[in-house]
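Chain by chain, the residues:
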Amino acid sequence: MKKLLILLPLLSIISCGEADKTIENQKVVAELEAYQSNKTLEENTKKFIENYLRDLSGPDWSSKILKYLQPNPDEFLKEHTAFRASYANYKSTIKHMAVDGNECIVWLEITANYASIYPIDNGNYGDEAIAGFEAKNQDVSWDETWYFNVVDGRFGDKWGMLKDYTAILEDLKGVEAK
């Protein structure tokens, strides 16, 4: 009987410890699943921008980028068509990228030829800085930084861009290189 009285509390302590381990294991599994889900989301966001930039730099860009844009991309296509007519041979290269879930900041190097004057009143590219510079098919390169999110496999509602106009002006000889 004495052994039974000692064994019962001991068994109950052991069984409580097993229940705690089960709960702890469930928490670890849930954290691991959340981590894996976020990692997959980040990998998809990274692939999204890599594929978009590849398609944007290609010769048939206007038909290929539609799948990345929100519905009704007409205004963007109109602006970017005029931009690409001015900046022929457009190519973007990723210099650095940081992804957090479905949000991304990407630092790009853009190269192109300034083939024709971009109609400044045509859009939101901010190219007023180069107004008046004659286009002679000059090589130009500059850096851009984009911030955006991806929702349902398309650009989401967050968007920001910084563009290095000084580099463009230096390439166009509008500003003395230092």
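Above this text sits the structure in question.
Summarised in this report is the structure supplied together with it. Going along each chain's sequence as written, the residues are numbered from 1 onward. Side-chain atom pairs in this predicted model are given and counted only at pLDDT of 80 or more, local residue features only at pLDDT of at least 70, and totals for whole chains, interfaces and linings cover all residues. As a convention, hydrogens and water are excluded, and side-chain values are obtained from all of the structure's heavy atoms.

## Re the sheet that holds strand β2 (residues 103–114)
Next, step 1: Two strands form a pair only when DSSP identifies at least two bridges running between them. Each helix corresponds to a stretch of at least 4 residues labelled H or I by DSSP, and each strand to a stretch of at least 2 residues labelled E; elements are numbered beginning at the N terminus. Spatially, the 4 strands line up as an open sheet ordered β1-β2-β3-β4, and their pairing is antiparallel. Of all strands in the sheet, those bounded by a partner on one side alone are β1 (87–100) and β4 (154–163). Here the strands of the sheet are splayed against their neighbours by 25° on average, with no regard to which way each runs.
Next, step 2: Pairing between β1 and β2: 11 bridges, direction antiparallel. Of the residues in β2, the one forming a bridge with Ala-88 is Asn-113.
Next, step 3: Taken strand by strand, helix α3 (residues 74–86) contacts β1, β2, β3 (138–151) and β4, and its axis lies near 120° from that of β1. Axis angles are defined between N-to-C directions and span 0 to 180 degrees, where every axis is a line fitted to C-alpha atoms and, for a helix, only to the segment in contact. By definition in these notes, contact holds between two residues if any of their heavy atoms fall within 4.5 Å.

## Concerning the side chain of Ser-92
Next, step 1: As for its position among the elements, Ser-92 is in strand β1.
Next, step 2: The buried label applies to any residue whose accessible area, calculated with a 1.4 Å probe on protein chains only, is under 20% of its type's maximum; exposed applies above 50%, and partly exposed to all values in between. Residue Ser-92 is classed as buried on the basis of its relative accessible area of 10%.
Next, step 3: For Ser-92, the residues in contact, after removing those within four places along its chain, are Leu-53, Ser-57, Glu-109 and Ile-110.

## Description of the packing of aromatic side chains
What characterises a pair of aromatic rings is the spacing of the ring centres plus the angle enclosed by the ring planes.
Next, step 1: Stacked, tilted and edge-to-face are the three classes assigned to paired rings of Phe, Tyr and Trp, where Trp is represented by its six-membered ring and a pair needs centres within 6.5 Å; plane angles under 30 degrees give stacked, over 60 edge-to-face, the rest tilted. Following the criterion strictly, the structure yields 14 aromatic pairs and no others.
Next, step 2: Ring geometry for Phe-83 against Tyr-87: centres 4.7 Å apart, planes inclined by 35°, an arrangement best described as tilted.
Next, step 3: Sitting over the ring of Tyr-87, Lys-163 keeps its end group 5.8 Å from the ring centre. As a reminder, the over-ring test applies to NZ of lysine and CZ of arginine, requiring each to be within 6 Å of the ring centre and within 35 degrees of the ring normal.

## Some thoughts on α3
Next, step 1: The length a helix should cover is 1.5 Å for every residue beyond the first. In this model, α3 (13 residues) spans 19 Å end to end at C-alpha, consistent with the 18 Å of a helix rising 1.5 Å per residue.
Next, step 2: Regarding α3, the residues found buried are Leu-77, Glu-79, His-80, Ala-82, Phe-83, Arg-84 and Ser-86.

## Topic: unusual backbone geometry
Next, step 1: Positive phi outside glycine occurs at Asn-137, with the angle close to 60°.
Next, step 2: Inspection of the secondary structure puts Asn-137 in the loop between β2 and β3.
Next, step 3: Judged by its relative accessible area of 46%, Asn-137 is partly exposed.
Next, step 4: Even without glycine at this site, Asp-152 takes up a positive phi of about 55°.
Next, step 5: Relative to the elements of secondary structure, Asp-152 occurs in the loop between β3 and β4.

## Remarks on the environment of Leu-66
Next, step 1: With respect to the helices, strands and loops of the structure, Leu-66 is situated in the loop between α2 (61–64) and α3.
Next, step 2: Along the primary structure Leu-66 and Asp-55 are separated by 11 residues, whereas in three dimensions their C-alpha atoms are 10.0 Å apart.

## A word on the nonpolar core
Next, step 1: Here the nonpolar core consists of buried residues drawn from Ala, Val, Leu, Ile, Met, Phe, Trp, Tyr and Cys, with membership extended through side-chain atoms lying within 4.5 Å. Within the largest apolar cluster, 35 residues are counted, with the highest numbers of intra-cluster contacts made by Ile-49, Tyr-52, Tyr-87, Trp-146 and Phe-148.
Next, step 2: When residues of this core are traced back to their parent elements, those giving at least two are α1 (2–57), α3, β1, β2, β3 and α4 (165–171).
Next, step 3: When residues of this core are assigned to their parent elements, the largest contribution, 6 residues, is made by β2.
Next, step 4: Beyond its immediate sequence surroundings of up to four residues, Phe-148 is in contact with Phe-48, Ile-49, Asn-102, Glu-103, Cys-104, Val-106, Phe-155, Lys-158 and Trp-159.

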